[in-house]
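Chain and residue survey
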Amino acid sequence: MKIRSFILFGGLLATSVCCQSMECKSKETGKEEHQFVLKEPKTRMQDSLLFKSVTIIPLEMDTKKYAAKIDRIYFDRNTFFLLEKNFQCVSLYDKEGHAKKTIMGIENSSQEYRKLADICIDKVRQELLVLASEPSKIMYYSYQGEFLREKALPTYFESIVTDGEFIYLQDYNVMKGEKEIMIYDMNLEKKQEALEVSRQFKGHEIFSNFSFTKGNMMTQDTIIHITRCFDNKIYCAENGKVSLEYTLDFEDNALPDILLEQKMRPSEFMRICREHNYISFITDVIENDKLMLFNTNVGFCVCNKQTGDITKYNYIIDSITGYDIENKMQIVGNTNNRLAMYWPLTFVKDSKIQPVKESSFYKRISAQSSKLLPKIDNRHNAILVIYEF
């Protein structure tokens, strides 16, 4: 039976026997539910304890730019699609890191834009969808990066994803009582709205442009996952509808309603969340049949579906650099077992790549580095590190 709803009980519970993962009958639905236990949080984890393998891919540069970070990654048909908001462009690479195309705004043309919001891929039609926020529109490209067409949107959206039958658009800044997910068919005819905002930071009335999240609240592996600010639920989108996927009860780490009612600066709100380990958002959800991973504002969570254990880590130590990468990893969209790290060329040139000897990846990374690093020159602008779990 496929598990559709998870209940997470957080904190250190004295009656440990009662807290073991088990199936029970829901009083409300009469259906079997699977309960999960939030284990004692751990300070740090070496990446090799979670991931099966790591691969280093040098990225050639198609333009003279050095992106500091990547905002979204997709992979399909041996092609990486990388959104770089700092440079307002989308870069396409083959699986070896060779540059295929860079999509940039062209003035006085149908491809003109001032600001990009997000990207996604349509696997059915093998098209790249680029969401622009200024002006608000969707631009369609082939997997080779050739412009095909564009369609205007009636308002501003921050995130986009498609299952090939419907397009789902998310607006983070809607007000309480409004819906934040808009569902369109592939011809951009609006079908319905979903997910009414029920919890909102009172300071939103003053600081409406502040973003409380780091990461992506709509992600796609074999299905589409959706999360929201101040919500302990994970939703899924399919067949033009949005439904509840998992419910996470964080107990002592749950965000108090009273904190949302305070009129304070967002920076103060986030400070209080960090100090008390209050989970105010969930982002970057990815899952397969064994594990579900997601990020929060206070740590990275690993859910073992077979045992029912969920563990939160404050730090994930990268075997390549020895640095904490907990808030820097990106989901590789359209896969259900890959995450990625992006290191700019300047970082590589500063000889910061020094494999951690204690890691079980040490020999493998050292071998890859010794072969790849001498080949990195002015043709490259970064390295992409792929982690597989």
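For the structure, see preceding data.
Per chain, residue numbering runs from 1 following the sequence as it is written. Totals for whole chains, interfaces and linings use all residues, but because this is a predicted model, local features are given only for residues with pLDDT of at least 70 and pairs of side-chain atoms are given and counted only at 80 or more. Where side-chain values are given, they derive from all heavy atoms of the structure, hydrogens and water being excluded.

**As for the sheet that holds strand E26 (residues 330–333)**
- Here a strand pair is declared whenever DSSP counts at least two bridges between the two strands. Every helix listed is a DSSP run of H or I at least four residues long, and every strand listed is a run of E at least two residues long, numbered separately from the N terminus. Reading across from one edge, E5-E28-E27-E26-E6-E7-E8-E9 is the order of the eight strands in this open sheet, with mixed pairing throughout. This sheet does not close on itself; its edge strands, each paired only once, are strand E5 (53–60) and strand E9 (99–104). Along the sheet, successive strands turn relative to each other by an average axial angle of 25 degrees, direction set aside.
- By the bridge criterion, eight bridges tie E5 to strand E28 (residues 380–388) in an arrangement that is antiparallel. Residue pairing across strands places Pro58 opposite Ile383, the latter belonging to E28. Angles run from 0 to 180 degrees between N-to-C directions of axes, and those axes are lines fitted to C-alpha atoms, restricted for helices to the stretch in contact.

**Quick word on the pattern of salt bridges**
- Criterion for a salt bridge: a side-chain nitrogen of Lys or Arg within 4 Å of a carboxyl oxygen of Asp or Glu. Applying the stated criterion to the full structure yields 15 salt bridges.
- Here Glu180 and Arg228 are joined by a salt bridge, their closest N and O atoms 3.7 Å apart. You can see Glu180 sitting in strand E16 (residues 179–185) and its partner Arg228 sitting in the loop between strand E19 (224–226) and strand E20 (233–238), a full 48 residues away along the chain. Accessibility classification places Glu180 together with Arg228 in one group, the buried group.
- Put simply, Lys190 and Glu193 hold a salt bridge, and the shortest N to O gap is 2.6 Å. Whether a residue is buried, partly exposed or exposed follows from its accessible area with a 1.4 Å probe, protein chains only, as a fraction of its type maximum: under 20%, in between, or over 50%, in that order.

**Notes on the side chain of Gln46**
- Relative to the assigned elements, Gln46 resides in strand E4 (residues 42–46).
- Any N or O atom pair separated by 3.5 Å or less is treated as a polar contact, with the protein-specific requirement of one donor-capable and one acceptor-capable atom, and with residues adjacent in sequence counted only for side-chain atom pairs. Looking at Gln46, its side chain comes within polar contact range of the main-chain oxygen of Ile317, at 3.2 Å.

**A few points about the nonpolar core**
- As used here, the term nonpolar core means buried Ala, Val, Leu, Ile, Met, Phe, Trp, Tyr and Cys residues forming a set that is joined through side-chain atoms within 4.5 Å. Formed by 44 residues in total, the largest nonpolar core has its most connected members in Val90, Leu128, Ile138, Ile167, Ile226 and Val242.
- If near-sequence neighbours (up to four positions away) are discounted, Ile138 is found in contact with Leu129, Val130, Leu131, Arg149, Glu150, Lys151, Leu153, Ile160, Ile167 and Leu188.
- Counting residues in hydrophobic clusters, the runner-up holds 28 residues, among them Ile286, Leu291, Leu293 and Ile316. Contacts: residue pairs with any heavy atoms within 4.5 Å of one another.

**What about the sheet that holds strand E17 (residues 190–196)?**
- Here we have four strands laid out as an open sheet, ordered E14-E15-E16-E17, and antiparallel in their pairing. Two strands bound the open sheet, and with one partner strand each, they are strand E14 (159–162) and E17. Direction aside, the axes of adjacent strands within the sheet are offset by 20 degrees on average.
- Pairing analysis gives five bridges linking E16 to E17, with the strands arranged antiparallel. Within E17, the position partnered with Ile183 by the bridge is Gln192.

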